[in-house]
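The lines below spell out each chain.
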Amino acid sequence: MRITRLAGSIAALSTAAVLAACSSGTSGSTSTPTAASGPVTLEFWCWGTTQKPKVEAFNKSHPDIQVKHTDVGGGTDTAAKLLTATRAGNGPDAACLEYETLPSMIVAGALADISAHTGDVKTAFSPEVWNLTSFDGAVYGVPQDVGPMVLVYNKKRFQELKIEPPATWQDFAKVAADVREKDPETYLATFAPAEFGNFAGLAQQAGASWWKVQDQTWTVGIADQASLAVADFWQGLIDKDLVKAEPLLTPEWNNKLNKGKILTWPSALWAPGVLYGVAEKQAGDWAIAPLPQWKEGDDRVAFQGGSALTVTKTSKHAEAAATFAKWMNTDKAANAVQIELGEYPASLAGQEAARTSAPPKLTANQKDYWDIATKAAQHTIPHISWGPNVSTAGSAFQDAVATAVRDHTPLRDALTKTHNLVVADMKTTGFKVAGP
Amino acid sequence: MTALPRAERRSRAPYLFVAPAVLLFVAFLAVPIGYAIYLSARGLRLTGKGIFGTREEVFVGLDNYVKTLTDPGFFAGFGRLALYGLISVPLTLGLALLFALLLDHAGSRAKRFSRTAIFIPYAVPGVTASLLWGFMYLPSTSPFSYLTRELGLGEIPFLGAGGIYPSLANIAVWGGVGFNMIIIFTSLRGIPSELYDAARIDGASEWQIAWRVKIPLVAPALVLTGLFSLIGTLQVYGEPTTVKPMTSEISGDWVPLMHIYRDAFVRDDLALASAASVLLAVGTLVVSVLLLKVTQKRAFGGMQ
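Keep in mind it's a predicted model, so treat the numbers as computed, not measured.

Novice: Help me out: how do you make sense of the overall build of chain A in this one?
Specialist: When helices and strands are counted, chain A shows 17 helices and 14 strands. Here chain A has a C-alpha radius of gyration of 23 Å; the compact-globule value for 436 residues is 22 Å, and the two agree. Seen through its C-alpha atoms, chain A measures out along the principal axes to roughly 70 × 65 × 50 Å. A burial count over chain A gives 54% of its 436 residues as buried. Long-range contacts, defined here as pairs at least 24 residues apart, represent 76% of the contacts in chain A between residues at least 6 apart.

Novice: Any chance you could explain the sheet that holds strand β8 (residues 211-214) of chain A here in plain terms?
Specialist: Note: strands within a sheet are paired through backbone hydrogen bonds, in either parallel or antiparallel orientation. All names here are of chain A. Taken together, the three strands give an open sheet; going across it, the order is β8-β9-β14, and neighbouring strands pair in mixed fashion. Sheet topology places β8 and β14 (432-434) at the edges, where each strand pairs with a single neighbour. If you compare each strand with its neighbour and ignore which way they point, the axes differ by 35 degrees on average. As judged from the three bridges shared by strand β9 (residues 217-220) and β14, these two strands associate in the parallel manner. Note that in β14 the partner of Thr217 across the bridge is Lys432. Seen against the sheet, helix α17 (residues 411-429) touches β9 and β14 and runs at an angle of roughly 170 degrees to β9.

Novice: What is the right way to look at the interface of chain B and chain A in this model?
Specialist: Often, the extent of an interface is quoted as the loss of accessible area on bringing the components together. At the interface, 55 residues of chain B touch 49 residues of chain A. Secondary-structure elements contributing two or more residues to the side of chain B that touches chain A are α1 (6-39), β1 (42-47), β2 (54-59), α10 (219-234), α12 (256-266) and α13 (270-300) of chain B. The leading source of residues in the side of chain B that touches chain A is α13 of chain B, at 12 residues.

Novice: Which parts of the structure should I look at to understand the pairing of strand β11 (residues 264-268) of chain A?
Specialist: Remember that side chains alternate between the two faces of the sheet whenever the strand is regular. Residues and elements named next belong to chain A. Of all five residues that make up β11, five are buried, and the element is covered over most of its length. In terms of strand pairing, strand β6 (residues 142-154) meets β11 through five bridges, oriented antiparallel. Following the sheet pairing, Tyr153 is matched in β11 by Thr264.

Novice: Can you walk me through the nonpolar core in this structure?
Specialist: If you look at soluble globular proteins, the nonpolar side chains tend to sit buried side by side. Among the nonpolar cores identified, the biggest contains 137 residues, and Val150, Ala176 and Phe324 of chain A are the most heavily contacted of them. Per-element tally for this core: the top contributor is helix α16 (residues 390-407) of chain A, with nine residues. If near-sequence neighbours (up to four positions away) are discounted, Phe324 of chain A is found in contact with Leu42, Phe58, Ile65, Val67 and Ala94 of chain A. Leu97, Ile171, Val255 and Leu257 of chain B belong to the second-largest nonpolar core, a separate cluster that totals 59 residues.

Novice: Please clarify how the packing of helix α13 (residues 332-340) of chain A against helix α14 (residues 348-355) of chain A should be interpreted in this entry.
Specialist: When two helices pack together, their arrangement is given by the angle between their axes and by how far apart the axes lie. All names here are of chain A. At a minimum axis separation of 10 Å, α13 and α14 run at an interaxial angle of 50 degrees. On the basis of the axis angle, α13 is oblique to α14. Helix-helix and strand crossings are classified by hand; for α13 and α14 the assignment is right-handed. Across from Asn335, Ala336, Gln338 and Ile339 in α13, the residues of α14 making contact are Ala349, Gly350, Ala353 and Ala354. Partitioned by chemical class, the residues of the contact of α13 with α14 number five nonpolar, three polar and no charged.

Novice: Where do I start with the pairing of β8 of chain A in this structure?
Specialist: Residues and elements named next belong to chain A. On β8, burial follows the alternation: Trp211 and Val213 on one face are buried, whereas Lys212 and Gln214 on the facing-out side are not. Where β8 meets β9, four bridges bridge the pair, whose relative direction is antiparallel. The residue of β9 that forms the bridge with Gln214 is Thr217. Here β8 folds back onto β9 in antiparallel fashion, the turn holding two residues, of which Asp215 has a positive phi close to 50 degrees.

Criteria and thresholds
Residues numbered from 1 in each chain as written. Chains lettered and ligands numbered in written order. Predicted model: local features only at pLDDT ≥ 70, side-chain atom pairs only at ≥ 80, totals over all residues. Helix = DSSP H or I, 4+ residues; strand = E, 2+ residues; numbered from the N terminus. Rg over C-alpha atoms; globule rule 2.2 N^0.38 Å. Buried ≥ 20, exposed ≤ 12 C-beta atoms within 10 Å, placed from the backbone. Contact = placed C-beta atoms within 7 Å. Pairing = 2+ DSSP bridges. Axes fitted to C-alpha atoms, helices over the stretch in contact; angles between N-to-C directions. Core = buried A, V, L, I, M, F, W, Y, C linked by C-beta atoms within 7 Å. Parallel < 35°, antiparallel > 145°, perpendicular 65-115°, else oblique. Left-handed = near helix turned anticlockwise from the far one by under 90°. Nonpolar A, V, L, I, M, F, W, Y, C, P; charged D, E, K, R; others polar.

Spelled out as structure tokens, the structure:
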């Protein structure tokens, strides 16, 4: 009896204990770059296959700076762990972060302003790309890879079904209906409720501006006219069963993809690499086309995904870390590794080098792959800005949209719900938010 | 060696003996709990520094508790949990008891093998089990759906709106039966065989022995396993989290612990998560004590 009661209390209380054990104190001790004697050792967190060879090359060419690379998980995991580690005062010196999480990391006081060290590489990037990491003159990282949005499609199946990649979203709807008619088991595309970044990109292409900031006053537009119109467009496709509403990259989805039952993925330049990972047998069958436009003749696209290499505020070697961040993303050898492994470099020189290289394996037979890629990269929308609580927005979006898809309630209501939650969260924290 | 006076030695000894336990308790239980409670009264609020301002930790009183208690999402999680528990707890206990009785039955064969076979799923880590079952649920990889499709019956919506509760409960039942069976079985082995002999002399059948002798005598074990299952249900996290990417049915706050995880590590609000976990811990404690109080007389009346 006594034992069971104690076991009960222990089990009950350990919930609280586990959570508390992972928490931390206050954030952000400032540090200055110190002149180091002997080689400086940097801790570096990043995910992805390109990092290991890049870091090895850096270590070889820099005897005075040695970098220790750790893969702590994908973009979301790295961001979450970096926050916790920073508060505990034992974060790394440098870390990769997705562009969309940068503002929230800045607000959390996790990142160092490295504008003092980046003057010499600013021109190595296009202004649109440089704006992804710099805010009001402060620089919070060096862009690493970017994902201009394109339509990735199964060309072989397109030819079998005698269809062409759509140029506008209106065409996209028509082609979607055509596909359903020609092969009732096949869908042109998937609408995945969890794809927050994808939807944000599509909305931005339509003219939406999800976050804007001026003099520390924010404007949130997650449910603005353009976003609602995009929601209504997909709603129409889902209601008529023209696209499949289900999560991406599940065993289920991969299986359908391999059977040629999912024909496109409107996503970004990194997608061929991802698809190759799950549908190796279809190498050469796929191709990319410009992302469909809302108005015929337009060529505007947003970025989806991509990451920057940042320096943390807790680093005692900010200057060395900045040197590392610059080399990793502007050096020829580093860019070459990126291109070889299918990552689209953020730097202009890297993008130029990519033009003359072979297309990724999934799209190996497409001769104009890099022409289309370069064109997409040159027409990205400038000044995309993300908010200070993107992760909250992302999780709210996923839950609201998944519920809407499941219960057949309007997607536009899900967007409004997300918007309200994001604004309420910002107000609780103390941000000034203009408008509703 | 200078010996201490007898009385002093005696007064010190007990403290020395309990010191390791107390130290461990303080370091790994009391301090973290205290910190969680402290953290639940804090919150990250904006201060003017930096280009966007910087979020810093300040005292916010009971804000986090108010926010948690007024969040319908948090309570909806308990609703889902109740539905899940209604399926998984009775099934786990019922099957565990059934298997234990069968193994204990004098006439059953291959006992050692059966015992191991039933216990083995418990040794499979929860995440592995969830992935395994996840594959068996997804329409295009599911052997069950393959069969029904071949028979022209269509696919079984394991991960659909109606199927998700039994599907998830099934993972827990599959993994939990073995452990609970062992507890009940051990308790059965402890029953003196004179009781069976007496029952047999009185003319009881095997069925009556099971129902009137064995089950009442293993009641304490049933209460214990029931309590563990109840607490286990309140702490459901791994299975739905692992299956989440496979379906749109499971939201980020599907059960209370997922809600807490999301607040802490996705939305970066450790303070809010601490408040919710303190509430969950207190709730679990209250439910456990109530369950024990209610079952105490019945289960332990004749034993203590």
